[in-house]
Amino acid sequence: ALDEAIMARIRSSLASIKQPAWNDRVRKVECVLSFDTPESPDGLFVSMANFQGYGADFVGLDHARTGNPLYLNIKWKKVPKEGDTEMKEDKEAPTKMAIGVEGGFQ
């Protein structure tokens, strides 16, 4: 649970959150300063004031520059499908660079 001091700071910053308009770009796929993505170990942090995405190493830099304390943390986790492993086991790896012949790609 969050303590009251943190909740008070969040409540005081809620006025700075804006809803993105149709023409606003929300940079939620890659950090604007590095190559961090939501698939990175710490995920991607999107500023709720200007909708720019930052890696974990650059959130402090943006906070010091803008004073914005609210960020949305986006993390993606790849989950393998159950059916994918069965299909790969059934098919043999091609041994020839050919299409439509035995030992090649089918």
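Calculation rules
- Residues numbered from 1 in each chain as written.
- Predicted model: local features only at pLDDT ≥ 70, side-chain atom pairs only at ≥ 80, totals over all residues.
- Heavy atoms only, no water.
- Helix = DSSP H or I, 4+ residues; strand = E, 2+ residues; numbered from the N terminus.
- Rg over C-alpha atoms; globule rule 2.2 N^0.38 Å.
- Buried < 20%, exposed > 50% of the residue type's maximum accessible area, 1.4 Å probe, protein only.
- Contact = heavy atoms within 4.5 Å.
- Areas by Shrake-Rupley, 256 points an atom, 1.4 Å probe, with all protein chains shown as cover.
- Lys, Arg positive; Asp, Glu negative; His and termini not counted.
- Charge placed at Lys NZ, Arg CZ, Asp CG, Glu CD.
- Pairing = 2+ DSSP bridges.
- Axes fitted to C-alpha atoms, helices over the stretch in contact; angles between N-to-C directions.

## Section: the overall build of the protein chain
The secondary structure content of the protein chain amounts to three helices and three strands. From first element to last, N terminus to C terminus, the protein chain shows the α and β order α-β-β-α-β-α. A globule of 106 residues ought to have a C-alpha radius of gyration of about 13 Å, yet the protein chain, at 22 Å, is considerably larger. Over its C-alpha atoms, taken along the principal directions, the protein chain stretches across nearly 70 × 35 × 30 Å. Counting over 106 residues, the protein chain shows a buried share of 19%. By sequence separation, contacts in the protein chain at least 24 residues apart represent 41% of the contacts at least 6 residues apart. Just so you have it, the protein chain exposes about 8,600 Å², and 56% of that area is on carbon and sulfur atoms. One way to put it: in the protein chain the 14 positive side-chain charges average out to a point 8 Å from where the 16 negative ones average out.

## Notes on the pairing of strand E1 (residues 44-47)
Pairing of E1 with strand E3 (residues 71-74), which is carried by four bridges, proceeds in the antiparallel orientation. Of the residues in E3, the one forming a bridge with Val46 is Leu72. For E1 and strand E2 (residues 53-54), the ladder comprises two bridges, and the chain directions are antiparallel. Within the sheet, the bridge partner assigned to Val46 lies in E2 and is Gly53. In this antiparallel pair of consecutive strands, E1 and E2, the connection spans five residues, and Phe51 shows a positive phi of 60 degrees.

## What to know about the sheet that holds E3
Strands sit in the order E2-E1-E3 across an open sheet of three strands; the sheet is antiparallel. Strands with a single pairing partner mark the edges of an open sheet, and in this sheet they are E2 and E3. Docked against the sheet, helix H2 (residues 59-66) engages E1, E2 and E3, running at close to 165 degrees with respect to E3.

## Some points on unusual backbone geometry
Even without being glycine, Phe51 reaches a positive phi, approximately 60 degrees. Within the secondary structure, Phe51 is located in the loop between E1 and E2. Take Phe51: its relative accessible area is 5%, and that puts it in the buried class.

Remember, this is a structural readout, not a statement about activity or role.
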